[in-house]
Amino acid sequence: MTRMAPTIWLWPGHAAYLGPSFHLDAHTTAVDCFAMGVDAPFTLRVPECGERHVGSALIPARTRHQIVSGEGRMLFLYLDPGAARGRNLRAAMLDQSPSICFHHRAESAIRGYLRDSESPDSATLLERVLGAPEPPIIDGRIRAAMLTIRDQPAGNPTAAELAAAAGLSTSRFLHLFSAHAGTSFRRYRVWARMLYVARAVGKGMDLTRAATEAGFASPSHFSDTFHAIFGLTATAVISSGVRIVAEDS
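Residues numbered from 1 in each chain as written. Predicted model: local features only at pLDDT ≥ 70, side-chain atom pairs only at ≥ 80, totals over all residues. Heavy atoms only, no water.

Peer 1: What am I meant to see in the packing of helix α7 (residues 185-202) against helix α8 (residues 207-214) here?
Peer 2: Packed helix pairs are specified by the crossing angle of their axes together with the interaxial distance, meaning the distance between the axes. The geometry of α7 relative to α8 is characterised by a closest axis approach of 9 Å and an angle of 145 degrees between their N-to-C directions. By crossing handedness, the relation of α7 to α8 is classed as right-handed. Along the contact surface, α7 presents R193, Y196, V197, A200 and V201, while α8 presents L207, A210, A211, E213 and A214. Looking at the contact of α7 with α8 residue by residue, the classes come out as eight nonpolar, no polar and two charged. (Axes fitted to C-alpha atoms, helices over the stretch in contact; angles between N-to-C directions. Helix = DSSP H or I, 4+ residues; strand = E, 2+ residues; numbered from the N terminus. Left-handed = near helix turned anticlockwise from the far one by under 90°. Contact = heavy atoms within 4.5 Å. Nonpolar A, V, L, I, M, F, W, Y, C, P; charged D, E, K, R; others polar.)

Pasting the structure below:
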């Protein structure tokens, strides 16, 4: 079977990677990380928990860890802390603890799907890991704000400005935005910029120009943001030949 190239999918609020491990040293990320060995289990090293040989694990944001795997593929799913569907993921882990959780209840089914599929569908993969999403019933005022942010990622509209346009107080707007967008206003804006960069680079634009057009203050600002999510630089990812796919929802 011909397998697709290593791939990163980006959505507003979360991202996924399927491919060989990048063999990173111990590191932390600013987001929660779900890791699963597709072709074989992996070893997770965490200072406070020691070393465990597992099939899958959910690692909270800002937890120093190292994943040691062989040459087989890994699945990584990155979610903003507190994201709506992240609660479903934590509930799906069979070995619960206040920090790291282990053993996704559908681990065998997810692994079987990825092994049997030449080109896994990203929506199907998300549903198998996070569970079926609830039918999106989004407040029209919040939907309009989300579209403004995604269509103009460099525009940098403030929460107060978008709240006024929606006829809401800033505090009410921020509450509704988190409830309907699945992540906070500030984080949604970051993800919108990341999505813009992914689309632009996919069309052949160089990384520096794409980051600037997306509204990042500088190339290093973009690099720091990318590193905070994935644990390595965007340059390292692109040079490795990874395919980056920006998803709309």
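Now that the structure has been shown, we can carry on.
Peer 1: How should I be thinking about the pattern of salt bridges in this particular structure?
Peer 2: Close approach of charged atoms lets side chains of opposite charge pair. Tallied over the entire structure, the rule returns seven salt bridges. For the salt bridge of R45 with E51, the shortest nitrogen-to-oxygen distance reads 2.8 Å. Exposure remark for R45: the relative accessible area of 36% places this residue in the partly exposed category. (Salt bridge = Lys/Arg side-chain N within 4 Å of Asp/Glu carboxyl O. Buried < 20%, exposed > 50% of the residue type's maximum accessible area, 1.4 Å probe, protein only.)

Peer 1: Help me understand helix α3 (residues 122-130), please; the structure alone is not making it clear to me.
Peer 2: Structurally, the α-helix is built with 3.6 residues per turn, so residues lying three or four positions apart point the same way. Turning to α3, its buried residues number three or more, namely S122, L125, L126, V129 and L130. Each buried residue of α3 sits inside an arc of 105 degrees when the element is viewed along its axis, so together they form one side. For α3, the capping residue at the N-terminal end is D121, with a side-chain oxygen 3.3 Å from the backbone nitrogen of A123. Positive backbone phi, at 90 degrees, marks G131, one or two positions downstream of α3. (Arc of directions from axis to C-beta. Polar contact = N/O pair within 3.5 Å; in protein donor to acceptor, adjacent residues only side chain to side chain.)

Peer 1: Before we go on, may I ask you to explain unusual backbone geometry in this structure?
Peer 2: Leaving glycine aside, a negative phi is the common case for residues, and trans is the common case for peptide bonds. Although it is not a glycine, H103 sits at a positive phi angle of roughly 70 degrees. Residue placement: H103 occurs in strand β10 (residues 101-104). Here H103 falls in the partly exposed class, since its relative accessible area comes to 29%. Phi at N156 is positive, roughly 60 degrees, even though this residue is not glycine. Within the secondary structure, N156 is located in the loop between α4 (140-151) and α5 (159-166). The partly exposed category is assigned to N156, whose relative accessible area is 41%.

Peer 1: Is there a simple way to explain the side chain of D139 in this structure?
Peer 2: Among the secondary structure elements, D139 is positioned in the loop between α3 and α4. On the accessibility criterion, D139 (19% relative accessible area) is buried. Once you skip the residues sitting within four places of it in the chain, D139 turns out to touch L176 and H180.

Peer 1: For this particular structure, what's the right way to read the sheet that holds strand β4 (residues 42-46)?
Peer 2: Whether parallel or antiparallel, the strands of a sheet pair through hydrogen bonds between backbone atoms. The three strands lie next to each other as β5-β4-β7, forming an open sheet whose pairing is antiparallel. At either margin of the open sheet sits one strand with a lone partner, and together these are β5 (50-54) and β7 (66-68). Each strand axis lies, on average, 25 degrees off the axis of its neighbour in the sheet, ignoring direction. As paired elements, β4 and β5 share five bridges and run antiparallel to each other. (Pairing = 2+ DSSP bridges.)

Peer 1: Quick question: what am I supposed to make of the sheet that holds β10 here?
Peer 2: Read from one edge to the other, the open sheet built from eight strands follows the order β9-β10-β6-β3-β8-β2-β1-β11, with strand pairing classed as mixed. The open sheet has two free edges, formed respectively by β9 (93-95) and β11 (243-246), since each of these has just one partner strand. Across the sheet, the mean angle from the axis of one strand to that of its neighbour is 25 degrees, orientation sign disregarded.

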